[in-house]
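# Observations on chain architecture
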Amino acid sequence: IDQSAIKNQDKTKNNKTSNNHTFETTLIMATMLLLIKPRVIRGQYFFEYLVVVSLVKSGGGYEPQISYQFPKRDGMGRSQKEEEEKILKAITLFCFPEGIDWAPMTEYQSETFSFVLTEVDGSRKNGYCRRLLPKGNKACPPEAYCIISKLACFGLFSKIFDEVEKRRQKSMAMIYPFMQKLRESPFPAPGNSVEIKSHIPESGTEIIKLTRPLDSWLEHVNFATLCGCLSNQEILLVFAAAVLERRIVFIAEELGTLSQVAHAVSALLYPFTWQHTLISIVPSILIDVVMAPTPYLLGVQKKMVDLIDDKCDVRNPQNAGHVFQIGDEGSILPPKLHDEILLALENKKEKATVEEWNRVVSEAFLGFFVKTVGHYASYLTSSGGAEARRTFQSRAFYKSIKSNTTRHFVKKFMQTQMFDIFIQEAEQRQSGTHQGIFHQKIQEYQNNGKAEKKKR
């Protein structure tokens, strides 16, 4: 984001607005996508803390404020405390991104969504949020329960929120013993489970089993939501825009839809990682981020569409269809590979489980990268020993591609930051290091190619 441009805008506003924009700029720059990689995490806490965010009457509306934090953070130094306050302030904005426009209500459908925060030191934290209406006869605004964790597993935390909500409908005091036992439990390895005993009055002692998906690199996403919102052809248009690092805004009414779609699209890029601004749910106070000249993935609630129509090249989907195309998104993908992905998406089972959906969709797009740039390792050369840094021979890599349409795509893709970072990491990685499912698929593809040649 062009910080100087934002600062120039701030000068034209009063001091209060300027202070808000200073915070906004910091928060925008600190909000990114968590790198989704296969990994085994043992012995870590499930979460750092749980906060309850309540809407408190303030002037003509409601202001989100943290009403409870578990566990309490005591004994912190001044700098640590200041950093903690910034994070907590950001949490309140993301739990209620709509701002102050709320009213007491007697009915409210609970919803679950997520966001990611990156701190000053580069460490990343996931925010999982469940908004619900407390049980009772009195009309009131909803409250939000937010879990902050360094671990990424949306499905697992959604199940935890089911337990939180069940206890909240009985008594607030019943939540904390459950969360304490959860926090003390080790985070399971992929495919494994952890069991937590929890006592509920009138129901007795329950054993809650929490299972981590075997495909750990997909545990933070749900492709079914993406496929339910967009047609297969539209998904390919969005993928083309994302892989070329363009500005993308998703518009939906539900927060859960926005967060799941944004994370799903970024996961389609695996093994590459979106390197630019990603705010899956843009709070109203940060809406000026749409004016940023750099690439971004943003999620904006439908009620805020009028705020962005005159600030960027994204139009109201009610007037321009589901996906508004601004360039060559429809033609940049190699036609043969485009059709292969489309066929894979069309053949997926309608009644498939989340895990089955994730596998089918992810393998379709993973195969695309295997066939376009999977030969990159052959063009990493080293002039020294085994530990010497390798150098990527970009020209030879590009020239080796026989298909004109694939070469045209790869030429553009090589100019993206995500490809550049990927190659930098590959140059620094020692040869023979275990590198995950992408390299397994490359090996399978190359072996299949050799087998086909032998048959001929």
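Residues numbered from 1 in each chain as written. Predicted model: local features only at pLDDT ≥ 70, side-chain atom pairs only at ≥ 80, totals over all residues. Heavy atoms only, no water.

Looking up the chain in an unreviewed UniProt entry gives the name DENN domain-containing protein 2D-like, with the organism given as Gadus morhua.

All right, on to the packing of aromatic side chains then. Between two aromatic rings, the relevant description is the distance of the centres plus the angle of the planes. Scanning all chains against the criterion turns up 25 aromatic pairs. Taken together, a centroid distance of 4.3 Å and an interplanar angle of 10° make the contact between Tyr 128 and Phe 157 stacked. Note that Tyr 128 is positioned in strand β4 (residues 124-132) and Phe 157 in helix α4 (residues 154-168), a separation of 29 residues in sequence. No difference in accessibility class separates Tyr 128 from Phe 157, as the two residues are buried. Aromatic pair Tyr 379 and Phe 397: ring centres 6.2 Å apart, planes at 75°, arrangement edge-to-face. Of this pair, Tyr 379 sits in the loop between α12 (354-373) and β11 (380-381) while Phe 397 sits in helix α13 (residues 394-399), placing them 18 residues apart in sequence. Overall, the relative accessible area of 22% leaves Tyr 379 in the partly exposed class. When the ring centre of Phe 178 is taken as reference, the NZ or CZ atom of Arg 167 above it lies at 4.5 Å. (Phe/Tyr/Trp six-rings, centres within 6.5 Å; stacked < 30°, edge-to-face > 60°. Helix = DSSP H or I, 4+ residues; strand = E, 2+ residues; numbered from the N terminus. Buried < 20%, exposed > 50% of the residue type's maximum accessible area, 1.4 Å probe, protein only. Lys NZ or Arg CZ within 6 Å of the ring centre and 35° of its normal.)

The contact between α12 and helix α16 (residues 437-455) brings their axes to 10 Å, and the two run at 65°. Put simply, α12 runs roughly perpendicular to α16. Taken as a pair, α12 and α16 cross one another with a handedness that is right-handed. Where α12 approaches α16, its residues Glu 363, Leu 366, Phe 369, Val 370 and Lys 371 are matched on the opposing element by Ile 437, Phe 438, Lys 441, Ile 442 and Tyr 445. For the contact of α12 with α16, the residue count by class is seven nonpolar, no polar and three charged. (Axes fitted to C-alpha atoms, helices over the stretch in contact; angles between N-to-C directions. Parallel < 35°, antiparallel > 145°, perpendicular 65-115°, else oblique. Left-handed = near helix turned anticlockwise from the far one by under 90°. Contact = heavy atoms within 4.5 Å. Nonpolar A, V, L, I, M, F, W, Y, C, P; charged D, E, K, R; others polar.)

Both strand β1 (residues 49-58) and strand β2 (residues 61-70) contribute to a ladder of nine bridges, which runs antiparallel. Note on β2: the bridge partner recorded for Lys 57 is Tyr 62. Linkage of β1 to β2, two consecutive antiparallel strands, is achieved through a turn of two residues, within which Gly 59 is found at a positive phi near 60°. (Pairing = 2+ DSSP bridges.)

The next thing to look at is the nonpolar core. With 98 residues, the main nonpolar core has Ile 91, Phe 365 and Tyr 376 as its most contacted residues. The residues touching Ile 91, leaving out its near neighbours within four places in the chain, are Tyr 49, Val 51, Val 53, Phe 115, Leu 117, Cys 146 and Ile 148. Ranked by size, the runner-up nonpolar core spans 28 residues in total, among them Leu 50, Leu 132, Ile 175 and Ile 196. (Core = buried A, V, L, I, M, F, W, Y, C linked by side-chain atoms within 4.5 Å.)

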